[in-house]
Amino acid sequence: MTGSDRFVWQKLLRHFKTDDLTILVNSRRQFTAHLLPDLQTIIEDLVAPWSPQLSGLHQEYEFFPMKLSDLTTSEGKCVVRLAPVQHQDIDIGEEEPYASLNNGLWLIRLDEDMPAAVMLSKFLTRDGPKVQVEIAHLPNEVGHAFAKGFLRTIQAQGKSSRYYRNKAVSFESTEFEGTHETMRVHKLPLVSRNDVVLPKATMAQLDTHIFDFVKYRDELKRLGQSGRKGILLHGHPGTGKTHVVHYIAANLPEHSTILVTAEQMLNMEEYFALARVLQPCIMVFEDADLVARSREDISSQKAETRLNRLLNEMDGLGTDADILILLTTNRLNSLEGALASRSGRVDVALEIPLPDDDCRERLIKQYGHALNFQGEALAEAVARSNGGSAVYVKEMVRRLVQRSVARGGSLVISREDVEEVFSPAEAEVSSLKRNEKTERRHIVEQGDEDDCGSC
């Protein structure tokens, strides 16, 4: 950048070989910022054959979209200055982050007498960050055809993703409530079939409704059946619903996974738009009752808006979408009936049950693989854990391990050890149940008082 190149308009004058930048024709399109690395890479690949010259731009305000017409201004306070090219690292789930441009201006020549400019800029809105791509060219048919084809190619290639496909992602929150920046890539645990301890009947349902469904999906679609499916996983807290979700994601490696958080539910359209780009994919709505409570229990307009957007987006997917929607809940009865009991939204409700005797024995052996249970110790632990969740069993095994460590590291567990560990735990559970009943009764009574007070 020379001394004469302080402002963008000066650079554009020389590039387009004109004294009047108002003759330029501009075409632009806006995109969400979630797939910014993909969008930027597409632009870089498209301009590469013309040996582009890249410049950075000084953006005074991040809340207003920068337009190419702003760059041509040569007077007043709004003159845009040239600046060093600035990058921001974006996590794409690889060893190295992606170096994303804050903004950039590529100057290219389609031939000696055919200059053009491509601008990428980012700005913030209440609905989340947006990315704008704008093309400037001289008023002729060649320039018009170039701009139209360039934007059409971006739009077409933007329907896929090279950076986020087959990964687990969620939106990042910003300082604005309900908005998001780019995406966060998650490393979900690799859960094998042996790591899932469920009754055979439950495992068979998972096979039929998820893995076999995906296996035969193309043939089903050929025969006129829908390629999308809604699965509701319900059960007591701690039974392993999230563990099952991880198992499904790990064993459908050709699927991308989108983790939907309750905080971002007002941007439901963005989640489903991303799902269409990344399909085949899995959308995960954990604790679905937080956003899909029965309408009878909804007391705010915001909550009802979230519910309606969820239902509308699920309906709008279409039968050709290769999307699995997994919802989890501890409170099946509190879900909106239009979701939980409506085929086409939730097609199958699968209970993840409390572990039976066989499952609890398998869990104890799995969690306590280093322990040596003597005599009737294992049978006693299985009996004492009756009615407990997988999480409860895991904690009891940890207490047994801690007991063995405390006495010098002996890994032998006797029946007396089991009794010593489980007896206090049983008292804790009884106390918690009493407290829960008291708290529930208090909430109901308080709710009745509030209702009376509003009459």
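Residues numbered from 1 in each chain as written. Predicted model: local features only at pLDDT ≥ 70, side-chain atom pairs only at ≥ 80, totals over all residues. Heavy atoms only, no water.

A. Spatial organisation of a nonpolar patch on the surface. On the surface, Tyr61, Phe63 and Phe64 cluster together into a nonpolar patch covering about 390 Å² of accessible area. Its location among the elements puts tyrosine 61 in the loop between strand 2 (53-57) and helix 3 (68-71). Take tyrosine 61: its relative accessible area is 54%, and that puts it in the exposed class. (Patch = residues over 30% accessible without salt bridge, like charges linked within 9 Å, V, L, I, M, F, W, Y side chains within 5 Å. Areas by Shrake-Rupley, 256 points an atom, 1.4 Å probe, with all protein chains shown as cover. Salt bridge = Lys/Arg side-chain N within 4 Å of Asp/Glu carboxyl O. Helix = DSSP H or I, 4+ residues; strand = E, 2+ residues; numbered from the N terminus. Buried < 20%, exposed > 50% of the residue type's maximum accessible area, 1.4 Å probe, protein only.)

B. Summary view of the side chain of arginine 345. Locating arginine 345 in the fold gives a position in the loop between helix 10 (337-340) and strand 15 (348-351). Its relative accessible area of 9% is what places arginine 345 among the buried residues. Side-chain polar atoms of arginine 345 contact the side chain of aspartate 315, separated by 2.6 Å. Dropping the residues within four chain positions of it, arginine 345 is found in contact with Arg228, Gly230, Leu311, Met314, Asp315, Ala338 and Leu339. (Polar contact = N/O pair within 3.5 Å; in protein donor to acceptor, adjacent residues only side chain to side chain. Contact = heavy atoms within 4.5 Å.)

C. Spatial organisation of the nonpolar core. Counting 59 residues, the largest nonpolar core has Ile43, Tyr164 and Met283 as the members making the most contacts within it. Ignoring any residue separated from it by four or fewer positions in sequence, one finds tyrosine 164 in contact with His34, Leu35, Pro37, Asp38, Ile90, Asp91, Ile92, Val169, Met183, Val185, Ser256 and Leu278. Residues Val196, Phe211, Ile231 and Ile248 belong to the second largest nonpolar core, which totals 25 residues. (Core = buried A, V, L, I, M, F, W, Y, C linked by side-chain atoms within 4.5 Å.)

D. Examining helix 1 (residues 8-16) more closely. For helix 1, the full list of buried residues reads Val8, Gln10, Lys11, Leu12, His15 and Phe16. Residues of helix 1 that are buried in the fold lie against strand 2, helix 3, strand 3 (82-83), strand 6 (103-109), strand 7 (115-123) and strand 8 (130-137).

E. Highlighting unusual backbone geometry. Following glutamine 279, the chain continues into proline 280 via a peptide bond in cis, with omega recorded as 5 degrees. Here proline 280 shows up in the loop between helix 8 (268-278) and strand 13 (281-285). Although it is not a glycine, asparagine 166 adopts a positive phi angle of roughly 65 degrees. Of note in the backbone geometry, aspartate 287 takes a positive phi value of approximately 50 degrees without being a glycine. As for its placement among the helices and strands, aspartate 287 is situated in the loop between strand 13 and helix 9 (301-315). Residue class for aspartate 287 comes out partly exposed when judged on its relative accessible area of 34%.

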